[in-house]
Amino acid sequence: MKATVRVEGLEKRYGLTPALRGVSFELTPGEVCVLLGPNGSGKTTLLKVLATLVRPDRGVVEVGGLDLRRHGRLVRGIIGFSGHQTYLYEELTVAENLRFYGRMYRVADLDRRIREVAEVFGLNDRLNTRVRALSRGFQQRTALARALLHDPPVLLLDEPTTGLDVEGRCRLAALLGELRARGRTVLFSSHAFELERAWADRALVLSAGRLVFDGPASDLPANVLNLGGAHARV
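Below or above, wherever it landed, is the structure these notes cover.

### Re the sheet that holds strand 1 (residues 5-14)
- In space, the four strands of this open sheet follow the order 2-1-4-5, with antiparallel pairing throughout. Both outer strands of the open sheet, strand 2 (17-27) and strand 5 (66-67), are each paired with one neighbouring strand and no more.

### With respect to the pairing of strand 4 (residues 58-63)
- Of the pairings in the sheet, the one linking strand 1 to strand 4 comprises five bridges and is antiparallel in character. Across the sheet, the residue bridging to Arg6 is Glu62, located in strand 4.
- Both strand 4 and strand 5 contribute to a ladder of two bridges, which runs antiparallel. Its bridge partner lying in strand 5, Val63 is registered against Leu66.
- Taking the residues between adjacent antiparallel strands as the criterion, strand 4 and strand 5 are bridged by two residues, where Gly64 takes a positive phi near 60°.

### A few points about the environment of Arg76
- With respect to the secondary-structure elements, Arg76 resides in helix 2 (residues 72-78).
- Counting along the chain gives 13 residues from Arg76 to Val63, while the straight-line C-alpha distance between them is 9.4 Å.
- Discounting chain neighbours no more than four positions away, the residues touching Arg76 are Ala51, Thr52, Tyr105 and His150.

### Looking at the nonpolar core
- One finds Leu98, Leu149, Leu176, Val186 and Phe188 to be the most contacted residues of the largest nonpolar core, which totals 39 residues.
- Of all the elements, helix 5 (residues 136-148) adds the most residues to this core, at five residues.
- What Leu149 contacts, discounting residues up to four positions off in sequence, is Leu98, Tyr101, Gly102, Val107, Leu110, Arg113, Ile114 and Val117.
- Core analysis: the second largest hydrophobic core is formed by 27 residues, Val7, Leu35, Val61 and Leu206 among them.

### Concerning the side chain of Arg141
- With respect to the helices and strands, the residue Arg141 is situated in helix 5.
- Excluding its chain neighbours within four sequence positions, the residues that come into contact with Arg141 are Phe121, Gly122, Leu123, Leu164, Asp165, Glu167, Gly168 and Arg171.

### Things to note about the environment of Ala133
- Take Ala133: it is sitting in the loop between helix 4 (110-120) and helix 5.
- Looking at Ala133, the relative accessible area reads 55%, which means it is exposed.
- Distance in space between the C-alpha atoms of Ala133 and Glu91 is 9.0 Å, their sequence separation being 42 residues.

### Concerning the packing of aromatic side chains
- Taken as a whole, this structure holds four aromatic pairs when the rule is applied.
- For the pair Tyr89 and Phe100, a centre-to-centre distance of 5.3 Å together with 85° between the ring planes defines the contact as edge-to-face. Within this pair, whereas Tyr89 is found in the loop between strand 6 (79-82) and helix 3 (94-104), its partner Phe100 is found in helix 3, the two being separated by eleven residues in sequence.
- Judged by relative accessible area, which is 41%, Tyr89 ranks as partly exposed.
- For the pair Phe100 and Tyr101, a centre-to-centre distance of 5.4 Å together with 85° between the ring planes defines the contact as edge-to-face.
- For Tyr101, a relative accessible area of 13% translates into the label buried.
- Among the aromatic residues, those joined into a ring-pair cluster are Tyr89, Phe100 and Tyr101.
- Sitting over the ring of Tyr101, Arg146 keeps its end group 5.2 Å from the ring centre.

How each quantity is defined
- Residues numbered from 1 in each chain as written.
- Predicted model: local features only at pLDDT ≥ 70, side-chain atom pairs only at ≥ 80, totals over all residues.
- Heavy atoms only, no water.
- Pairing = 2+ DSSP bridges.
- Helix = DSSP H or I, 4+ residues; strand = E, 2+ residues; numbered from the N terminus.
- Contact = heavy atoms within 4.5 Å.
- Core = buried A, V, L, I, M, F, W, Y, C linked by side-chain atoms within 4.5 Å.
- Buried < 20%, exposed > 50% of the residue type's maximum accessible area, 1.4 Å probe, protein only.
- Phe/Tyr/Trp six-rings, centres within 6.5 Å; stacked < 30°, edge-to-face > 60°.
- Lys NZ or Arg CZ within 6 Å of the ring centre and 35° of its normal.

Dropping the structure here:
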């Protein structure tokens with residue numbers, strides 16, 4: 001099966017500090033993968049590289065068969081990204097935010113699609129609420145809805161459960177199952193893996209910028225965040 005995400009020898013530095021060191025992996029259609037590691041391990045940098053927000057220093061990065069360096073604009077059209085920042089306009093309503101981004105992506109039948117993603121995240125009764133008036137959890141739901149709006153084949157989520165209550169987590173878990181069934185590829189980072197173990201088929205663990213585990217999520221050892229010391233690799 002052809003990979004939808006291919007990373008080979010990826011390196012990124014911030015000044016003299018290495019953030020990613022020789023990272024290589026592939027993700028295939030229908031795969032839901034969790035990205036783990038302690039703070040400063042490179043998780044956010046990796047997701048931002050894949051989302052074309054950070055330029056790599058070295059290595060090959062392909063999304064949907066497109067080289068990220070040469071076809072960044074096209075890559076942005078086939079990914080959905082939700083990061084630590086919501087990238088929402090606080091003075092606009094939920095619907096206005098989704099409409100703005102939907103027009104950027106030229107989403108067909110946009111009003112219908114807005115209603116669909118609002119239903120997925122329980123936002124129907126908040127579509128006319130300004131983002132600044134929402135709780136952190138509902139701002140996060142709106143950001144996730146925006147990432148899903150254009151039905152991208154690749155979804156990149158940086159700690160998507162931040163601020164979500166139990167209902168929000170359940171909605172996200174159901175969505176990931178649906179995306180898996182539809183052959184979408186999802187890579188999401190997490191600090192609470194034990195709560196989300198059932199969501200992922202596969203796990204990647206970073207430590208100090210190196211990939212120290214790549215294998216089935218069910219095979220992760222209990223001391224998953226301490227793997228860097230042993231440089232374990234599956």
